[in-house]
Amino acid sequence: MKAAVIVFPGSNCDRDIIDVLGDVVGCSVTAIWHQDRSLQDAHLVILPGGFSFGDYLRCGAIARFSPIMESVISHALAGNPVLGICNGFQVLTECGLLPGTLMPNKSLRFICRDVHVRVENSATMFTTLFQKGQVLNLPIAHADGGYYAEEEVLKELELKNRVIFRYCSANGVLDEENNPNGARQHIAGIVNEEGNVLGMMPHPERHSEDVLGGSDGRWLFESLVANWQRMVTR
Amino acid sequence: MFLAVIAITLRKSILDPQGSMIAKSLRNLDFRVEDTRAGKHLELTFRASDENHARELLQEMCAKLLVNSVTEEYRIISLNAYED
């Protein structure tokens, strides 16, 4: 599987993802500068974490108008996988591929620590190798991560099983104590209606090797590869 | 040339933790502040053929980039023409 990682000025998780996809998962992976327009035949497109354009105006608001984004949007609308992690999630909401927005953390503090998230839907191309209800240990590192959307959008997300990850306790309980940023309905990750665009605040790429503290995140990338293999051999 | 000043704030229905923290801090200083809303202040200098056109452009800029209508609203504080 060929993957493209989009690099904006201020992206800082691009190298981690390239390392995981290339060396751990074994994909072919290219970094693409935000001013380019071609996705170079990549199947999977990743918008990495970081502080694109210094988070000026609003997180992701300026990156959303980078030249490459037109190709990313067409790629997504054609049903191909697009994954936005942290700042990438913010870019996806700003460009309208995902609904809602990410608000400042309820504590107003930048939070950088490991959290638990519960897999809510294992029937997406991103989560096939997880079990529904499985609790993952993943790092978060953000100041603006509280998912917010209007009531009717939240209802729609729930109704269509589009909430993929929720912040929870180590044994999978949803309580305020374990909702680090004040996200509505503990939402840590959602997909679009077609299920091919995932935005999530936690960083699966930072927990993809045990030597770096955990490997729960690796199975998200492995799920994408497994689904791609199934697709090409069909 | 036009100079527009706009204020962008979170919609009333949305909790503004920054504003609440500022209000709390003012109350700690014995100011009787009921509420504070924090936001952004932007000054934009641009060309437009007349005031109506300037307003239209401003609305377009807000809709396209400056304001996220999911959570924010904006007010035009002032819009003035000046000779350049």
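Report follows, based on the coordinates. Everything quoted here is computed from the prediction, not taken from an experiment.

**Brief notes about the overall build of chain B**
Part 1 of the argument: Helices and strands together make up the secondary structure of chain B, namely two helices and three strands.
Part 2 of the argument: Going from N to C terminus, chain B has its helices and strands arranged as β-α-β-α-β.
Part 3 of the argument: Since a compact globule built from 84 residues should have a radius of gyration of about 12 Å, the 16 Å found for chain B marks it as more spread out than a globular shape.
Part 4 of the argument: Taken over the C-alpha atoms alone, chain B extends approximately 50 × 30 × 15 Å along its principal axes.
Part 5 of the argument: Taken across its 84 residues, chain B has 33% of its residues classed as buried.
Part 6 of the argument: When contacts within chain B are restricted to residue pairs at least 6 apart in sequence, long-range pairs at least 24 apart make up 71% of them.
Part 7 of the argument: When the accessible area of chain B is evaluated, it comes to approximately 5700 Å², of which 51% is carbon and sulfur surface.
Part 8 of the argument: Distance from the positive charge centre (11 side chains) to the negative charge centre (13 side chains) of chain B: 9 Å.

**Description of the overall build of chain A**
Part 1 of the argument: A tally of helices and strands in chain A yields five helices and 11 strands.
Part 2 of the argument: Its C-alpha radius of gyration of 16 Å places chain A within 12% of the 17 Å reference for a compact globule of 234 residues.
Part 3 of the argument: Each of the three principal axes of chain A carries a C-alpha extent, and together these read 45 × 40 × 35 Å.
Part 4 of the argument: The 234 residues of chain A split such that 56% are buried.
Part 5 of the argument: Across chain A, contacts joining residues at least 24 apart in sequence account for 74% of those joining residues at least 6 apart.
Part 6 of the argument: Between the mean site of the 19 positive side-chain charges and the mean site of the 27 negative ones, chain A shows a separation of 3 Å.

**Let's talk about the nonpolar core**
Part 1 of the argument: Membership of the largest hydrophobic core comes to 66 residues, with the highest contact counts inside it found for A:Leu83, A:Tyr147, A:Phe165 and A:Leu220.
Part 2 of the argument: Setting aside its immediate chain neighbours within four residues, A:Leu220 contacts A:Leu83, A:Phe126, A:Phe130, A:Phe165, A:Leu198, A:Met200 and A:Pro204.
Part 3 of the argument: Residues B:Phe2, B:Ala48, B:Leu58 and B:Leu79 belong to the second largest nonpolar core, which totals 13 residues.

**Considerations on the sheet that holds strand E3 (residues 44-47) of chain A**
All names here are of chain A.
Part 1 of the argument: The mixed open sheet is built from nine strands, whose spatial order is E2-E1-E3-E4-E11-E10-E9-E6-E7. What marks the edges here is a single partner per strand, and that holds for strand E2 (28-33) and strand E7 (135-142). In this sheet, neighbouring strand axes are inclined to one another by 25° on average, regardless of whether the strands run parallel or antiparallel.
Part 2 of the argument: Pairing of E3 with strand E4 (residues 82-85), which is carried by three bridges, proceeds in the parallel orientation. In the sheet register, Val45 faces E4, and the bridge partner there is Val82.

**Looking at helix H2 (residues 51-66) of chain B**
Residues and elements named next belong to chain B.
Part 1 of the argument: With 16 residues, H2 extends just 20 Å between its outermost C-alpha atoms, more than 12% less than the 22 Å of an ideal straight helix rising 1.5 Å per residue.
Part 2 of the argument: The set of residues buried in H2 consists of Ala54, Leu58, Cys62 and Leu66. Taken end-on, H2 shows its buried residues confined to a sector of 75°, consistent with a single buried face. With respect to the buried face of H2, the exposed residues turned more than 90 degrees away are Asn52, Glu56, Glu60, Ala63 and Lys64.
Part 3 of the argument: On its buried face, H2 is in contact with strand E1 (2-10), strand E2 (39-46) and strand E3 (72-81).
Part 4 of the argument: The backbone nitrogen of Asn52 has a side-chain oxygen 3.2 Å away, supplied by the residue at the start of H2, namely Asp50.

**Considerations on helix H2 (residues 68-77) of chain A**
Residue and element names in this part refer to chain A.
Part 1 of the argument: Among the 10 residues in H2, seven count as buried, and that is most of the element.
Part 2 of the argument: Regarding H2, the residues found buried are Ile68, Met69, Ser71, Val72, Ile73, His75 and Ala76.
Part 3 of the argument: Phi turns positive one or two residues past the end of H2, at Gly79, with a value near 95°.

**Re the pattern of salt bridges**
Part 1 of the argument: By the definition in use, this model includes 13 salt bridges over all chains.
Part 2 of the argument: Counted as one network, the salt bridges with shared partners bring together A:Arg58, A:Glu94, B:Lys40 and B:Glu72.

**Structural notes on unusual backbone geometry**
What is expected of a backbone is that most residues other than glycine have negative phi and most peptide bonds are trans.
Residues and elements named next belong to chain A.
Part 1 of the argument: The backbone phi angle of Asp55 is positive, close to 60°, even though this residue is not glycine.
Part 2 of the argument: The topology assignment puts Asp55 in the loop between E3 and H2.
Part 3 of the argument: Although it is not a glycine, His186 sits at a positive phi angle of roughly 60°.
Part 4 of the argument: Assignment of secondary structure puts His186 in the loop between strand E9 (163-168) and strand E10 (187-191).
Part 5 of the argument: The exposure class of His186 is buried, given its relative accessible area of 9%.

**Describing the interface of chain B and chain A**
Part 1 of the argument: Of the residues lining the interface, 17 residues belong to chain B; the matching set on chain A comes to 12 residues.
Part 2 of the argument: Around 1200 Å² of area is buried between chain B and chain A when both sides are counted, 68% of it from carbon and sulfur atoms.
Part 3 of the argument: Among the residues chain B hides against chain A, the three largest losses belong to B:Leu65, B:Asn68 and B:Val70. Together they make up 37% of the total.
Part 4 of the argument: Between chain B and chain A we count two salt bridges in total.

Thresholds, definitions, all that
- Position numbers for residues start from 1 in each chain and track the written sequence from start to end.
- Chains carry letters and ligands carry numbers; both start at the beginning, A for chains and 1 for ligands, and go up in the order they are written.
- Only residues with pLDDT of 70 or above have their local features reported here, since the model is predicted, and side-chain atom pairs are shown and tallied only from 80 upward, although totals for entire chains, interfaces and linings are computed over all residues.
- With hydrogens and water stripped out, all remaining heavy atoms of the structure feed into the side-chain values.
- The numbering of helices and of strands both runs from the N terminus, where a helix is a DSSP run of H or I of at least 4 residues and a strand a run of E of at least 2.
- The globule rule used here is 2.2 Å times the number of residues to the 0.38 power, and the radius of gyration it is set against is calculated over C-alpha atoms.
- The buried label goes to any residue with under 20% of its type's maximum accessible area, the exposed label to any with over 50%, and the partly exposed label to all in between, with areas taken from a 1.4 Å probe on protein chains only.
- Contact criterion: two residues are considered in contact whenever any of their non-hydrogen atoms come within 4.5 Å of each other.
- All accessibility values rest on the Shrake-Rupley procedure with a 1.4 Å probe; residue burial counts only the protein chains present in the view.
- In this tally Asp and Glu are treated as negative and Lys and Arg as positive; neither His nor the chain ends contributes.
- To locate a charge, the coordinates of NZ of Lys, CZ of Arg, CG of Asp or CD of Glu are taken.
- In this text, buried Ala, Val, Leu, Ile, Met, Phe, Trp, Tyr and Cys residues form a nonpolar core when linked through side-chain atoms within 4.5 Å.
- Here, any two strands with at least 2 DSSP bridges between them count as paired.
- Axis geometry follows a simple rule: fit a line to the C-alpha atoms, using only the stretch in contact for helices, then measure angles between N-to-C directions, giving values from 0 to 180 degrees.
- Multiplying one less than the number of residues by 1.5 Å gives the expected span of a helix.
- Directions from the helix axis toward the C-beta atoms define the arc.
- Whenever two N or O atoms come within 3.5 Å, that pair is a polar contact, provided that in protein one can donate a hydrogen and the other can accept it, and provided that, for residues adjacent in sequence, both atoms are side-chain atoms.
- Throughout this description, the term salt bridge denotes a Lys or Arg side-chain nitrogen within 4 Å of a carboxyl oxygen of Asp or Glu.
- Summed over both partners, the accessible surface that disappears when two parts come together, traced with a 1.4 Å probe, is what is meant by buried area.

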